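# Chains, contacts and geometry: an overview
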Amino acid sequence: MSQSPTQPTPPAPPLAELALTGDLARPARLTVPDLFAWPQRRVRVSFECATSGVQHHGFQGPLLHDVLRDAGPRFDPARRKERLRFLIAVAGADGHHALLTWAEIDPDFADAPVLLAVGIDGTPLDRAGPQLVLPQDRCGARHISGINAIRVDGRYPSWSAEGPS
(Lines give C-alpha, C1' and ligand atoms only; values in the text may rest on other atoms or scores of the structure.)
Protein backbone atom coordinates (compact mmCIF):
# COMPACT_ATOMS: atom_id res chain seq x y z
CA MET A 1 0.00 0.00 0.00
CA SER A 2 1.47 3.35 -0.95
CA GLN A 3 1.14 6.45 1.15
CA SER A 4 -0.14 9.61 -0.40
CA PRO A 5 2.28 12.50 -0.29
CA THR A 6 1.64 15.04 2.43
CA GLN A 7 -0.16 18.03 1.04
CA PRO A 8 1.42 21.33 2.08
CA THR A 9 -0.80 23.48 4.27
CA PRO A 10 -1.86 26.57 2.35
CA PRO A 11 -0.62 29.80 3.91
CA ALA A 12 -3.09 31.66 6.10
CA PRO A 13 -4.64 34.70 4.49
CA PRO A 14 -2.96 37.95 5.49
CA LEU A 15 -4.27 39.94 8.43
CA ALA A 16 -6.68 42.71 7.48
CA GLU A 17 -5.20 46.21 7.75
CA LEU A 18 -6.82 49.49 8.69
CA ALA A 19 -5.29 52.74 7.41
CA LEU A 20 -5.51 55.79 9.71
CA THR A 21 -5.13 58.88 7.53
CA GLY A 22 -6.00 62.55 7.34
CA ASP A 23 -5.18 65.36 9.74
CA LEU A 24 -2.98 63.20 11.97
CA ALA A 25 0.57 63.67 13.20
CA ARG A 26 1.12 59.90 13.13
CA PRO A 27 -0.87 58.20 10.35
CA ALA A 28 -0.67 54.43 10.67
CA ARG A 29 -1.60 51.04 9.30
CA LEU A 30 -3.02 48.80 12.03
CA THR A 31 -4.12 45.17 12.28
CA VAL A 32 -6.43 43.62 14.84
CA PRO A 33 -3.42 42.38 16.89
CA ASP A 34 -2.07 45.97 16.89
CA LEU A 35 -5.36 47.18 18.42
CA PHE A 36 -4.70 45.07 21.53
CA ALA A 37 -2.09 47.70 22.54
CA TRP A 38 -4.92 49.91 23.85
CA PRO A 39 -7.09 49.14 26.88
CA GLN A 40 -9.90 46.76 25.90
CA ARG A 41 -13.58 47.37 26.61
CA ARG A 42 -16.40 44.84 26.49
CA VAL A 43 -19.96 45.79 25.58
CA ARG A 44 -23.21 43.95 24.96
CA VAL A 45 -25.13 45.53 22.10
CA SER A 46 -28.67 45.11 20.80
CA PHE A 47 -29.60 46.86 17.58
CA GLU A 48 -32.32 46.64 15.00
CA CYS A 49 -31.17 45.37 11.63
CA ALA A 50 -33.41 46.29 8.70
CA THR A 51 -32.93 42.88 7.07
CA SER A 52 -32.73 40.45 10.00
CA GLY A 53 -34.46 42.06 12.97
CA VAL A 54 -32.97 42.62 16.40
CA GLN A 55 -29.37 41.45 16.80
CA HIS A 56 -27.61 40.81 20.15
CA HIS A 57 -23.82 40.62 20.28
CA GLY A 58 -20.89 41.02 22.65
CA PHE A 59 -17.95 43.06 21.36
CA GLN A 60 -14.44 43.64 22.65
CA GLY A 61 -11.96 46.30 21.56
CA PRO A 62 -10.36 49.66 22.25
CA LEU A 63 -12.21 52.95 22.19
CA LEU A 64 -11.99 54.75 18.85
CA HIS A 65 -11.10 57.92 20.77
CA ASP A 66 -8.04 56.28 22.37
CA VAL A 67 -6.70 55.00 19.05
CA LEU A 68 -7.24 58.30 17.21
CA ARG A 69 -5.88 60.40 20.09
CA ASP A 70 -2.65 58.38 19.94
CA ALA A 71 -2.43 59.06 16.19
CA GLY A 72 -2.18 62.79 17.03
CA PRO A 73 -5.14 64.63 15.54
CA ARG A 74 -3.92 68.02 14.33
CA PHE A 75 -5.78 70.26 16.73
CA ASP A 76 -4.84 71.93 19.99
CA PRO A 77 -6.46 69.68 22.63
CA ALA A 78 -6.73 72.66 24.99
CA ARG A 79 -9.00 74.48 22.52
CA ARG A 80 -12.34 72.70 22.81
CA LYS A 81 -14.09 74.49 19.96
CA GLU A 82 -11.26 73.62 17.56
CA ARG A 83 -12.00 69.92 18.13
CA LEU A 84 -15.64 70.43 17.12
CA ARG A 85 -14.80 70.90 13.44
CA PHE A 86 -13.17 67.47 13.05
CA LEU A 87 -15.01 64.70 11.21
CA ILE A 88 -14.20 60.98 11.25
CA ALA A 89 -15.01 58.95 8.12
CA VAL A 90 -14.96 55.16 8.50
CA ALA A 91 -14.95 52.79 5.51
CA GLY A 92 -15.38 49.03 5.38
CA ALA A 93 -14.01 46.59 2.84
CA ASP A 94 -17.59 45.86 1.73
CA GLY A 95 -18.16 49.49 0.69
CA HIS A 96 -20.16 50.61 3.73
CA HIS A 97 -19.28 54.01 5.20
CA ALA A 98 -20.15 55.97 8.33
CA LEU A 99 -19.42 59.50 9.46
CA LEU A 100 -18.91 60.62 13.06
CA THR A 101 -17.86 63.88 14.64
CA TRP A 102 -14.97 64.23 17.06
CA ALA A 103 -17.44 65.66 19.59
CA GLU A 104 -19.30 62.31 19.67
CA ILE A 105 -16.26 60.41 20.97
CA ASP A 106 -14.54 63.20 22.96
CA PRO A 107 -14.79 62.86 26.78
CA ASP A 108 -15.40 66.65 27.04
CA PHE A 109 -18.53 66.35 24.89
CA ALA A 110 -20.73 63.29 24.21
CA ASP A 111 -18.08 60.74 25.33
CA ALA A 112 -19.77 57.96 23.32
CA PRO A 113 -18.07 54.58 23.91
CA VAL A 114 -17.44 53.88 20.22
CA LEU A 115 -15.32 50.74 19.78
CA LEU A 116 -12.97 49.41 17.19
CA ALA A 117 -14.01 45.84 17.93
CA VAL A 118 -11.34 43.16 17.69
CA GLY A 119 -13.74 40.37 18.64
CA ILE A 120 -17.43 39.54 18.37
CA ASP A 121 -19.11 36.98 20.61
CA GLY A 122 -15.70 35.61 21.61
CA THR A 123 -14.49 35.20 18.01
CA PRO A 124 -11.37 37.19 17.03
CA LEU A 125 -11.57 39.37 13.93
CA ASP A 126 -7.90 39.06 12.91
CA ARG A 127 -8.57 38.11 9.28
CA ALA A 128 -11.86 40.01 8.79
CA GLY A 129 -10.64 43.29 10.30
CA PRO A 130 -12.04 45.41 13.10
CA GLN A 131 -15.65 46.53 13.34
CA LEU A 132 -17.03 49.95 14.22
CA VAL A 133 -19.47 49.51 17.12
CA LEU A 134 -21.67 52.35 18.40
CA PRO A 135 -23.49 50.89 21.42
CA GLN A 136 -25.61 54.04 21.75
CA ASP A 137 -27.15 53.65 18.26
CA ARG A 138 -30.57 51.95 18.30
CA CYS A 139 -30.16 50.65 14.77
CA GLY A 140 -27.02 49.12 13.34
CA ALA A 141 -26.72 51.38 10.30
CA ARG A 142 -23.38 52.86 11.43
CA HIS A 143 -21.97 49.45 12.35
CA ILE A 144 -19.12 48.88 9.88
CA SER A 145 -17.53 45.44 9.42
CA GLY A 146 -14.04 44.87 8.06
CA ILE A 147 -12.86 48.46 8.55
CA ASN A 148 -10.07 49.22 6.11
CA ALA A 149 -9.83 53.03 6.44
CA ILE A 150 -10.48 55.79 8.94
CA ARG A 151 -9.90 59.38 7.88
CA VAL A 152 -9.82 62.26 10.34
CA ASP A 153 -10.63 65.57 8.64
CA GLY A 154 -10.57 69.06 10.06
CA ARG A 155 -9.69 70.94 6.91
CA TYR A 156 -12.85 70.78 4.81
CA PRO A 157 -13.79 74.07 3.12
CA SER A 158 -15.61 76.68 5.15
CA TRP A 159 -19.26 77.23 4.37
CA SER A 160 -22.14 79.41 5.48
CA ALA A 161 -25.91 79.60 5.09
CA GLU A 162 -25.34 81.21 1.68
CA GLY A 163 -23.33 78.23 0.43
CA PRO A 164 -19.65 77.41 -0.03
CA SER A 165 -17.18 80.26 0.21
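Check the entry above for the structure.
Small disclaimer: the values here were computed from a predicted structure and weren't measured.

Here is what the cut-offs are and how they apply
Residues numbered from 1 in each chain as written. Predicted model: local features only at pLDDT ≥ 70, side-chain atom pairs only at ≥ 80, totals over all residues. Heavy atoms only, no water. Helix = DSSP H or I, 4+ residues; strand = E, 2+ residues; numbered from the N terminus. Buried < 20%, exposed > 50% of the residue type's maximum accessible area, 1.4 Å probe, protein only. Contact = heavy atoms within 4.5 Å. Areas by Shrake-Rupley, 256 points an atom, 1.4 Å probe, with all protein chains shown as cover. Pairing = 2+ DSSP bridges. Salt bridge = Lys/Arg side-chain N within 4 Å of Asp/Glu carboxyl O. Polar contact = N/O pair within 3.5 Å; in protein donor to acceptor, adjacent residues only side chain to side chain. Core = buried A, V, L, I, M, F, W, Y, C linked by side-chain atoms within 4.5 Å.

A count of helical and extended segments in the protein gives four helices and 13 strands. Per-residue burial over the protein gives 41% buried out of 165 residues. Intrachain contacts of the protein at a sequence separation of at least 6 include 60% that bridge at least 24 residues. With the model as given, the accessible surface of the protein reaches about 9,800 Å², and the carbon-plus-sulfur share is 55%.

Once that is clear, we can look at the sheet that holds strand E3 (residues 41-49). Within the open sheet, the four strands sit side by side as E3-E4-E8-E9. Their pairing is antiparallel. Here the strands that pair on one side only, and so sit at the sheet edges, are E3 and strand E9 (123-124).

Under the counting rule described, the total for this entry stands at 13 salt bridges. The salt bridge partner of Arg69 is Asp66, with a shortest N-O separation of 3.5 Å. With Arg69 and Asp66 both in helix H2 (residues 64-70) and three residues apart, the pair spans about one turn of that helix. Where Asp137 meets Arg142, a salt bridge forms, and the shortest distance between an N and an O atom there is 2.8 Å. Here the residues in one salt-bridge network are Arg80, Arg83, Asp106 and Asp108, joined through shared partners.

Our next topic: the environment of Arg29. Along the chain, the position of Arg29 falls in strand E2 (residues 28-30). Under the relative-accessibility criterion, Arg29 is labelled exposed at 53%. Sequence separation of Arg29 and Leu18 is eleven residues, and the distance between their C-alpha atoms is 5.5 Å. For Arg29, the contacting residues outside a window of four places in its chain are Glu17, Leu18, Ala19 and Asp34. One polar contact links Arg29 to Glu17, side chain to side chain, over a distance of 2.9 Å.

Counting 39 residues, the largest nonpolar core has Leu20, Leu64, Leu68, Ile88, Leu132 and Ile150 as the members making the most contacts within it. Once you skip the residues sitting within four places of it in the chain, Ile88 turns out to touch Leu64, Leu68, Ala98, Leu99, Leu100, Thr101, Trp102, Ile105, Ile150 and Arg151.

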